[in-house]
Amino acid sequence: MDLLDSSRLQRDLEGLLLSLDSMSSQDVEKSKENQPSSSSMEVCEVIDDDKFKMFELENQMEEKRMILKSLEDLDSLRKRFDAAEQVEDALTGLKVLEFDGNFIRLQLRTYIQKLDGFLGQHKFDHITEPSELIHELLIYLKDKTTEITKFEMFPNDIYIGDIIEAADSFRQVRLHSAVLDTRSSVQWVVAKVQDKIISTTLRKDFVMSSKTIRYTFEYYDKDETIVAHIAGGIDAFLKVSDGWPLLNTPLKLASLKNSDNQSKGFSLSLISKLEELANSLDLETRQNLSGFMDAVEKILVQQTREELKSNESSQK
């Protein structure tokens, strides 16, 4: 179907080129003619009409060239996927399940590395780490092009909304630029989704394994936030930096609140002071989840005592 469309477009382009050459030749001949029976205004009108027709032909040619380029890109992509359809890439875990002109259905087999021994002395005693995760990625394409209109993942246990938004922005930029390669968008989406699966899974595993007597943790991948539940009904919200925990990037205390709705909340001044002091701690302390929470709780106790003393002094 694609080859037939390409051949037809190629013939159309050749026909348009012949028409354009013919009209150009006619313009040259008409400009040389000098017919007494025709007024100069009539000659100008004929020439202007021919120029308009030439302009229309040029527009049609440009449009067909763009369609032909899209078909060639799609055909190139199809050939690469056809070659890989029966072979699963051992490195990326990518397998083509279905592919036609409107969508691509891929299986992503994402391998999760073992973290024991990789992150210093951190032990993963609380979890049984899976060696791989399997997802299906359904990518919808604009008819007869490689332009992605939307995509979704099953199971949707990993948040990819940020990638969807980025892909849409990428598409909008590409519509106004001839520099970007249309073939790169599908590969870009696959790579970003697999990166997100790996980073989110590692973070969830790390957070779960960091549980202590005083703290339990939850990771929310949509907001890239860790909620630390402190014994006594206090929740601390920590923002995760890019690359954490594999890279030496720091955590950041974003907020604090009582998880018990019946308890009196913290004053804004106390929270502000706590955030300032906690986020000013040395880099090594803020890289370690449990160690950072120990430091945050210590600062919280100190600042709460100081606030109580200040309130008592003001009441005297």
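A few points on the structure. Treat the numbers as computed from the prediction; the structure is a model and nothing was measured.

1. Considering the side chain of Q287
Working step 1: When you line up the elements, Q287 lands in helix α6 (residues 283–287).
Working step 2: Excluding residues within four positions of it along the chain, Q287 makes contact with W244, N248, T249 and P250.

2. Topic: the sheet that holds strand β3 (residues 132–141)
Working step 1: A sheet is described by the order of its strands in space; here four strands give the open sequence β1-β2-β3-β4, paired in antiparallel fashion. What marks the edges here is a single partner per strand, and that holds for β1 (94–99) and β4 (148–154). Here the strands of the sheet are splayed against their neighbours by 20 degrees on average, with no regard to which way each runs.
Working step 2: Pairing analysis gives six bridges linking β3 to β4, with the strands arranged antiparallel. What sits directly across from L138, in β4, is E152.

3. Examining helix α5 (residues 268–278)
Working step 1: Within the span of α5, buried status applies to L270, I271, L274 and A278. Down the axis of α5, the sector holding all buried residues measures 95 degrees, keeping them to one side.

4. Overview of the environment of D223
Working step 1: Secondary-structure assignment places D223 in the loop between β5 (215–220) and β6 (225–230).
Working step 2: We classify D223 as partly exposed; its relative accessible area is 46%.
Working step 3: It is 8.2 Å that separates the C-alpha atoms of D223 and K239, two residues lying 16 residues apart in sequence.

5. A short note on unusual backbone geometry
Working step 1: Omega for the bond connecting F154 with P155 falls within 30 degrees of zero, at -10 degrees, which places this linkage in the cis form.
Working step 2: By the secondary structure assignment, P155 is in the loop between β4 and α3 (161–175).
Working step 3: Geometrically, the link from W244 to P245 is a cis peptide bond, its omega value of 5 degrees lying close to zero.
Working step 4: Mapping P245 onto the fold places it in the loop between β7 (234–239) and β8 (252–258).
Working step 5: Look at E224: it is not a glycine, yet its phi comes out positive at around 50 degrees.
Working step 6: Topologically, E224 is positioned in the loop between β5 and β6.
Working step 7: When its relative accessible area of 27% is taken as the criterion, E224 is described as partly exposed.

6. Overview of the pattern of salt bridges
Working step 1: Scanning the model with the defined rule gives six salt bridges in all.
Working step 2: Linking E132 and R109 is a salt bridge whose minimum nitrogen-to-oxygen distance equals 2.6 Å. Residue E132 is located in strand β3, and its partner R109 is located in strand β2 (residues 103–111); the two are separated by 23 residues in the primary sequence.
Working step 3: Taking the relative accessible area as the measure of exposure, E132 reaches 27% and is therefore partly exposed.
Working step 4: Ionic pairing is found between R203 and E224, a salt bridge with its closest N-O pair at 3.5 Å. Taken as a pair, R203 in helix α4 (residues 184–209) and E224 in the loop between β5 and β6 lie far apart in primary sequence, 21 residues in all.
Working step 5: Salt bridges sharing common partners tie together E98, R105 and E136.

7. Observations concerning the sheet that holds β8
Working step 1: Taken in spatial order, the four strands of this open sheet run β5-β6-β7-β8, and their pairing is antiparallel. Of all strands in the sheet, those bounded by a partner on one side alone are β5 and β8. Across the sheet, the axes of successive neighbouring strands diverge by a mean angle of 20 degrees, strand direction being ignored.
Working step 2: Taken together, the six bridges between β5 and β6 define a ladder with antiparallel strand orientation. Paired with E218 across the two strands is V227, which belongs to β6.

8. Thoughts on the environment of E152
Working step 1: Among the secondary structure elements, E152 is positioned in strand β4.
Working step 2: Judged by its relative accessible area of 29%, E152 is partly exposed.
Working step 3: Sequence-wise, E152 and I139 are 13 residues apart; in three dimensions their C-alpha atoms are separated by 6.7 Å.
Working step 4: Those residues in contact with E152, other than ones at most four positions away along the chain, are E136, L137, L138 and Y140.
Working step 5: One polar contact links E152 to Y140, side chain to side chain, over a distance of 3.0 Å.

9. Re the packing of aromatic side chains
Working step 1: Taken as a whole, this structure holds two aromatic pairs when the rule is applied.
Working step 2: With a centroid separation of 5.1 Å and 85 degrees between ring planes, the pair formed by F206 and W244 is classed as edge-to-face. Of the two residues, F206 sits in helix α4 while W244 sits in the loop between β7 and β8, which places them 38 residues apart along the sequence. With respect to class, F206 is no different from W244; both count as buried.
Working step 3: Both rings, one in Y215 and one in F217, keep their centres 6.2 Å apart while their planes meet at 45 degrees; by these two values the pair is tilted.
Working step 4: Residue placement shows K150 over the ring face of Y140; its charged tip is 4.8 Å from the ring centre.

10. Considerations on the side chain of R286
Working step 1: Along the polypeptide, R286 turns up in helix α6.
Working step 2: No salt bridge is formed by the buried R286. Its closest oppositely charged neighbour is D282, at 7.0 Å.
Working step 3: Looking at R286, its side chain comes within polar contact range of the main-chain oxygen of L281, at 2.8 Å.

Cut-offs and rules
- Residues numbered from 1 in each chain as written.
- Predicted model: local features only at pLDDT ≥ 70, side-chain atom pairs only at ≥ 80, totals over all residues.
- Heavy atoms only, no water.
- Helix = DSSP H or I, 4+ residues; strand = E, 2+ residues; numbered from the N terminus.
- Contact = heavy atoms within 4.5 Å.
- Pairing = 2+ DSSP bridges.
- Axes fitted to C-alpha atoms, helices over the stretch in contact; angles between N-to-C directions.
- Buried < 20%, exposed > 50% of the residue type's maximum accessible area, 1.4 Å probe, protein only.
- Arc of directions from axis to C-beta.
- Salt bridge = Lys/Arg side-chain N within 4 Å of Asp/Glu carboxyl O.
- Polar contact = N/O pair within 3.5 Å; in protein donor to acceptor, adjacent residues only side chain to side chain.
- Phe/Tyr/Trp six-rings, centres within 6.5 Å; stacked < 30°, edge-to-face > 60°.
- Lys NZ or Arg CZ within 6 Å of the ring centre and 35° of its normal.
- Lys, Arg positive; Asp, Glu negative; His and termini not counted.

It is worth stressing that arrangement in space is one thing and function is another; only the former is reported here.
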